[in-house]
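Reading the structure
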Amino acid sequence: MRRNRVRAKGVRVVAVAALSAGIFVAVAGSSSADVTAVSGRAFGYYTNIGLFGGPPTVRGFGQTIPPGTPLSASPSVVLPSTGGNVSQTDPDGAIGTYGPANIFESPGPIVVSTQGTIGPGGSVTSSATVNGLPHGPFSAPPPGGVASTCTATETGVSGSATITNGILVLHDPDDSVSGEPGEEIVTPPVNPAPNTTYFGVIANVDNNFKIVFNEQIVDGTTISVNAVHQYALGPVAVGDFVTAQSQCGVTVAASTTTTTQPSGSTTTTTPVPSSTTTTAPPGSTTTTTSPPGSTTTTTTPVGTAGGGVSNDPGSGTNPGSPTRSALARTGSSLRAVGPAVVSFVLGLLLIGFGGPSATARPWPWNRRPRS
């Protein structure tokens, strides 16, 4: 059956052409978004505490003098929106005093920095390190300390904190005695998970507190990381204080996608099957399939010489599917010659288009896999 072979070949060519076209379309482009502005900040410490019902006042980052003093000042840095590299070091630390109490104390050094760039691949990195925290419910005596760092890019933000030689006293009924009933002292993780939280009571003054290690606050493309954030919940002291904060943020332009295609034009061509002629006994239908625009089907009834019906060449045409076109045109002719011829011709068509045949070869999708 030559017709079957030619059409099967045509189907394979069309499938290969379609696959090739699909591969070409799938050539991936690149997507990018530029960082148009950056923000970065870091400071050593900040306290905002009110004692015995009084109004809270600020020491360290953001303080005014008075009530703050030069000794209570904290090093801090801010990154320009166009990027840069800024750092500051306080070698002898700071003390945040409220009346008789030192809420914050560090012998130093305190080191803060922030740096960033804009444009493609722009980013921000900030860090803050406070060395030596000798007093308080949380302490990190020298050579211990706390640190935070953060990063912001066009793809996201991240942060972390480090606690070195940390000690946290959650409950201590008698701070002059060790190991008494009710005493609870823990060692914070060196690299605590984000927002690791404890609750406790300050010995002797019975002030409640909450403390968060590696506190992370994300707002869109900006992240703030506090190595330690203590909340004074009263009744004696109310407010909060932060040790070693770093902040990072980026402003990202709307993303664009660029698709790169090979140079020159690409053309996908679907071959048209070559002309095929099938001849059947007298009274049957002879179908000749040629390139588009030249397919004619002629039906000659038995005993009628020279008679016949010519179909409209455009009827039932489906580009790239000569089998469907031939069947459509054959059907139009058969309707004109009567039921007897229809039955005879349909039987031949079943044989020609896949019926039992000793020489017919199976279509590709009917082939059994080799055992």
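Just above, that's the structure.
This is a predicted model, so every value here is computed, not measured.

1. What about the overall build of the chain?
Check the secondary structure of the chain and you find three helices and 21 strands. Looking at the chain as a whole, 34% of its 371 residues are labelled buried. Sequence separation of at least 24 residues holds for 55% of the intrachain contacts in the chain that already meet a minimum separation of 6. Of the roughly 19,800 Å² of accessible surface on the chain, 59% is carried by carbon and sulfur atoms.

2. Structural notes on the side chain of Asp 172
By secondary structure assignment, the location of Asp 172 is in the loop between β12 (167-171) and β13 (184-186). No salt bridge is formed by the buried Asp 172; its nearest oppositely charged neighbour, Lys 210, is found at 23 Å. With residues up to four places along the chain from it excluded, the contact list for Asp 172 reads Val 177, Glu 180, Glu 183 and Ala 203.

3. A word on the packing of aromatic side chains
Under the criterion given, the structure shown has four aromatic pairs. Ring centres of Phe 138 and Phe 213 lie 5.2 Å apart, and the angle between their planes is 70 degrees; on these two criteria the pair is classed as edge-to-face. With Phe 138 in strand β10 (residues 138-153) and Phe 213 in strand β15 (residues 207-219), the pair connects residues that are 75 residues apart, well separated along the chain. Among the residues examined, Phe 138 registers a relative accessible area of 3% and is labelled buried. Relative to Phe 213, the ring of Tyr 198 has its centre 5.9 Å away and its plane inclined at 80 degrees; by these criteria the two rings are edge-to-face. Placement of the pair is Tyr 198 in strand β14 (residues 196-202) and Phe 213 in strand β15, with a sequence separation of 15 residues.

4. Observations concerning the nonpolar core
Of all hydrophobic cores here, the largest spans 24 residues; its most connected members are Phe 138, Val 146, Leu 168, Ile 211, Phe 213 and Val 228. Looking at this core, the elements with two or more residues in it are β2 (35-51), β8 (110-117), β9 (123-133), β10, β11 (156-164), β12, β15 and β16 (222-234). With 10 residues, the next largest nonpolar core counts Val 35, Cys 150, Ala 152 and Val 250 among its residues.

The rules behind each value
Residues numbered from 1 in each chain as written. Predicted model: local features only at pLDDT ≥ 70, side-chain atom pairs only at ≥ 80, totals over all residues. Heavy atoms only, no water. Helix = DSSP H or I, 4+ residues; strand = E, 2+ residues; numbered from the N terminus. Buried < 20%, exposed > 50% of the residue type's maximum accessible area, 1.4 Å probe, protein only. Contact = heavy atoms within 4.5 Å. Areas by Shrake-Rupley, 256 points an atom, 1.4 Å probe, with all protein chains shown as cover. Lys, Arg positive; Asp, Glu negative; His and termini not counted. Salt bridge = Lys/Arg side-chain N within 4 Å of Asp/Glu carboxyl O. Phe/Tyr/Trp six-rings, centres within 6.5 Å; stacked < 30°, edge-to-face > 60°. Core = buried A, V, L, I, M, F, W, Y, C linked by side-chain atoms within 4.5 Å.

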